[in-house]
Amino acid sequence: MDRWPHTRSIPPQRTRQRSTAGRDIMNETVEQAREVALAILKPTAAQIDHGMELHADSIVIESYGLGLKAAPDGAAVKALVESGAAETEIQEMVEEMGMTRYATDAREREEYLAAWAASGVTCTFQNAGEEGSSPLRLMKRLARHTYVTDVLREFVSRAAFPDDIAATKERGGHCLYMTCNGVPLAQEWISVEEELRYIAVFFQLGCRMMHLTYNRRNPLGDGCGEPADAGLSDFGHAAVAEMNRVGVIVDVAHSGNRTSLDAVSASERPVVASHSVCAGLNQHVRAKSDELMKKIADTGGTMGITNVPAFLGGSGDISAMLDHIDYAVRTIGAEHITIGTDRPYVSSRCKEENSKVPRRAGSRRRWEALWPPGDALFAPEWRQERQQLSMAWTNWPVFTIGLVQRGYSDEDIQRIIGGNILRVAREVLS
């Protein structure tokens, strides 16, 4: 059998001799990432074959993803910079191109579709709302991903309901289940009910999961970057109740420990930490304690393991990610674990196109980027190519191979790579 769909297990010496057309470059990138990951794991041929077959047969759902990032049109961005545009205009153009250009550029589209196929992912819970609580700010990403799924609907569609995900698998397609990196607030402060009215509006627009907070404190509670670690506010309790009523999944991935514990206690529906790690292995601000993981499981919710090296600690590579999955399974059981990479697939043309853009003065740190002093998120030791390549987004089949290698049953693997978060989506909407 072919171990790598759409890449044909090309030997390295042949890969280097191939042309630099978009698909060939993409294939080379996929092959290199998989070779690095397999060299770390060292699975047997039987484990590889079984993992690939199981992955192909399963509904694979990423519990939180950043999507696939297209390359910008470097010449167009350069022209905007040289016109004297404000930094916000430039950032807006680059972000929009990154999210939508594969719908308008044939070469970007070819690589986009090939990356989806290589990953074997059926559905990603798509980050489709910029961090914050402004409805207009949240709506921009939601609109862009909606546009892409309209244009490319034959290949990548928008899943409005959990059964749409299963139907997508049946027809051999891929889909996005939209999420927001914040709870949309009217910000008029007339009444609690009026302030929360946009939760229902965004549900009607297709948003099915929302972060309560994002690193910083907001009116609902504290983010994970706040030193005070205050709990869920009175208003936050009302927000959780409204999310439960409407059918939106409560996500505490970026919330502080006390806020998360309070949210879990307040919710009548399953709660998730869509992309986090285990504090028992690495005491990072984005890690979740054993106590919190157990309480999330008590709601019927799930703990999503991400693969950001700084969050994982240890070797910071694919084996470290599997270590966190092992720890979480021992703590709360395989029926409550998911994988949310928090990692995009980046177009092979990004570097080339970005090199066309004139250098600009550095901008101030984003409001949402609150990290404790000395945090190692961007330290050189977490930027090693080996670590990053081993957890490339197209390595999803290797994640499954890793679970096979670690002795998980087929049933538990299918839960972890999709079944658990599909169950949560159904229960929250029930």
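Residues numbered from 1 in each chain as written. Predicted model: local features only at pLDDT ≥ 70, side-chain atom pairs only at ≥ 80, totals over all residues. Heavy atoms only, no water.

Draft legend 1. Region of interest: the overall build of the chain. For the chain, the helix and strand inventory stands at 19 helices and twelve strands. Whereas a compact globule of 430 residues would reach a radius of gyration of roughly 22 Å, the chain reaches 21 Å, a difference of no more than 12%. Counting only C-alpha atoms and orienting by the principal axes, one finds that the chain spans roughly 65 × 60 × 45 Å. Every one of the 430 residues in the chain was classed for burial, and the buried ones make up 58%. Restricting to contacts in the chain with at least 6 residues of sequence separation, those with at least 24 account for 76%. Taken as a whole, the chain presents about 17400 Å² of accessible surface, with 50% of it coming from carbon and sulfur. Treating the 48 positive side-chain charges of the chain as one cloud and the 57 negative ones as another, the clouds have centres 4 Å apart. (Helix = DSSP H or I, 4+ residues; strand = E, 2+ residues; numbered from the N terminus. Rg over C-alpha atoms; globule rule 2.2 N^0.38 Å. Buried < 20%, exposed > 50% of the residue type's maximum accessible area, 1.4 Å probe, protein only. Contact = heavy atoms within 4.5 Å. Areas by Shrake-Rupley, 256 points an atom, 1.4 Å probe, with all protein chains shown as cover. Lys, Arg positive; Asp, Glu negative; His and termini not counted. Charge placed at Lys NZ, Arg CZ, Asp CG, Glu CD.)

Draft legend 2. How the structure looks around helix H7 (residues 135-151). The terminal C-alpha atoms of H7 lie 24 Å apart, and with 17 residues this matches the ideal 24 Å at 1.5 Å per residue to within 8%. Buried residues of H7: Pro135, Leu138, Arg141, Leu142, Arg144, His145, Val148 and Thr149, and no others. Against helix H5 (87-100), helix H6 (106-119), strand E3 (123-127), strand E4 (156-158), strand E5 (174-180) and helix H10 (197-204) lie the buried residues of H7. (Expected span 1.5 Å × (residues − 1).)

Draft legend 3. Layout of the environment of Gly362. Here Gly362 shows up in the loop between helix H16 (350-354) and helix H17 (385-390). What makes Gly362 exposed here is its relative accessible area of 76%. Put simply, Gly362 and Glu87 are 275 residues apart on the chain and 9.8 Å apart in space, counted from C-alpha to C-alpha.

Draft legend 4. Summary view of the environment of Lys294. Within the fold, Lys294 resides in helix H13 (residues 290-298). For Lys294, a relative accessible area of 42% gives the class partly exposed. Separated by 24 residues in the primary sequence, Lys294 and Ile318 place their C-alpha atoms 24 Å from one another. Look past the residues within four positions of Lys294 in its chain and what remains in contact with it is Thr331 and Ile332.

Draft legend 5. Examining the packing of aromatic side chains more closely. In this structure the tally under the stated criterion is six aromatic pairs. With a centroid separation of 3.9 Å and 15° between ring planes, the pair formed by Tyr102 and Tyr112 is classed as stacked. Pair noted here: Tyr102 is in the loop between H5 and H6 and Tyr112 is in helix H6, with a separation of ten residues, a long-range link. Of note, Arg208 hangs over the ring of Phe161, and the distance from its end group to the ring centre comes to 5.3 Å. Over the face of the ring belonging to Phe203 we find Arg208, whose NZ or CZ atom lies 4.0 Å from the ring centre. (Phe/Tyr/Trp six-rings, centres within 6.5 Å; stacked < 30°, edge-to-face > 60°. Lys NZ or Arg CZ within 6 Å of the ring centre and 35° of its normal.)

Draft legend 6. Inspection of unusual backbone geometry at higher detail. In the Ramachandran plot, Asp229 falls in the positive-phi region, its phi being about 55° despite a non-glycine side chain. By the secondary structure assignment, Asp229 is in the loop between strand E6 (209-211) and helix H11 (234-246). With relative accessibility at 30%, the residue Asp229 sits in the partly exposed group. Although it is not a glycine, Asp342 adopts a positive phi angle of roughly 60°. Looking at the secondary structure, you find Asp342 in the loop between strand E11 (337-339) and strand E12 (345-346). A relative accessible area of 17% places Asp342 in the buried class.

Draft legend 7. Examining helix H8 (residues 162-170) more closely. Every buried residue of H8 is accounted for by Pro162, Ile165, Ala166 and Thr168. End-on view of H8: buried residues confined to an arc of 155°, all on one side of the axis. The exposed residues of H8 that point more than 90 degrees off its buried face are Asp163 and Glu170. (Arc of directions from axis to C-beta.)

Draft legend 8. Fine view of the pattern of salt bridges. Going through the model one piece at a time under the given rule, you end up with 26 salt bridges. A salt bridge links Asp323 to Arg406; the nearest nitrogen and oxygen atoms lie 2.7 Å apart. Of the two residues, Asp323 is situated in helix H15 (residues 318-332) and Arg406 in the loop between helix H18 (396-405) and helix H19 (410-429); the sequence distance between them amounts to 83 residues. The class of Arg406 is partly exposed, set by a relative accessible area of 31%. Close ionic contact of Glu411 with Arg415 constitutes a salt bridge, the shortest N to O distance being 3.3 Å. Here Glu411 pairs with Arg415, and both are found in helix H19, just four residues apart, close to one helical turn. Through salt bridges with shared partners, one network takes in Glu92, Glu95, Glu130, Glu131, Arg137, Lys140, Arg141, Arg144 and Glu368. (Salt bridge = Lys/Arg side-chain N within 4 Å of Asp/Glu carboxyl O.)

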